[in-house]
Amino acid sequence: MAGAPTNSTLLRLPQRCCFDVARKMRPLTDDETKVLFEKLTKYIGRNIIHLIDRPDEPYCFRLQKDRVYYVSEDIMRKATAVGRHSLISLGVCFGKFTKTGKFRLHITALPYLAQYALYKVWVKANGEMPFLYGNHVVKAHIGRVTEDTPEHQGVVIYNMADVPLGFGVSARSTVDMRKVDPTGIVVFHQADNGEYLREEDALF
């Protein structure tokens, strides 16, 4: 094909183009790591060690702009060969830092939170859609709850078939949940699978 670049031509292109991604995506600072781990610990506790010390291959957290990605070191090395404008995403986006330095978990982190969650809430069939539209969980929609769940604890929300729907923060302890009215809020909504449609452009 006339005008198509040859391999030798590509090799002469500035290396800066190929390695832009590696420079843009950097390791987290100590302060950023502390904020991230504090947020994750709220949901998975000491199970956070399973994200860091994996038996299959080394993984790491990397920051690109304000977003934190969880990615294997092997994929990180391969990504250096991708141009900055061609790379859409790398690994799994766990969330983003706000302008005030706080960390907000994204729904894309749900598979890992669900795998290692300490506290869980199951909602009945009539509670699935309200939650997936971004609403808090009320007592009437609760199927069951992990015993001894404390107040203001990170929890993962499941349907009665054990399918993870999202996550939130307990508004009351397990004991106090039993005392509230059916319309009383028991879990504050944080993220749900419906965001893949509602907030598609903002997730990645």
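Here, the structure is the one placed above.
1. As for the environment of I48
Within the secondary structure layout, I48 lies in the loop between α3 (30-44) and α4 (49-52). For the pair I48 and Y116, spaced 68 residues apart in sequence, the C-alpha separation works out to 7.9 Å.

2. Digging into the sheet that holds strand β5 (residues 103-105)
Within the open sheet, the five strands sit side by side as β1-β2-β3-β4-β5. Their pairing is antiparallel. Looking at the sheet topology across the chains shown, the edges are occupied by β1 (25-27) and β5. Strand-to-strand twist across the sheet, computed as the mean angle between neighbouring axes with direction ignored, equals 35°. Pairing between strand β2 (residues 59-64) and strand β3 (residues 67-72): six bridges, direction antiparallel. Considered in β3, the bridge of Y59 is made with S72. Across the sheet, α3 is in contact with β1, β2, β3, β4 (92-97) and β5; its angle to β5 comes to roughly 40°.

3. What about the side chain of H141?
Along the chain, the position of H141 falls in the loop between β7 (137-138) and β8 (142-145). Given the relative accessible area of 17%, H141 is considered buried. Sequence-distant contacts of H141, that is, excluding residues within four places in its chain, are made with W122, V123, K124, N126, G127 and P130.

How each quantity is defined
Residues numbered from 1 in each chain as written. Predicted model: local features only at pLDDT ≥ 70, side-chain atom pairs only at ≥ 80, totals over all residues. Heavy atoms only, no water. Helix = DSSP H or I, 4+ residues; strand = E, 2+ residues; numbered from the N terminus. Pairing = 2+ DSSP bridges. Axes fitted to C-alpha atoms, helices over the stretch in contact; angles between N-to-C directions. Contact = heavy atoms within 4.5 Å. Buried < 20%, exposed > 50% of the residue type's maximum accessible area, 1.4 Å probe, protein only.

Everything listed here is a matter of coordinates, which is why it stays silent on function.
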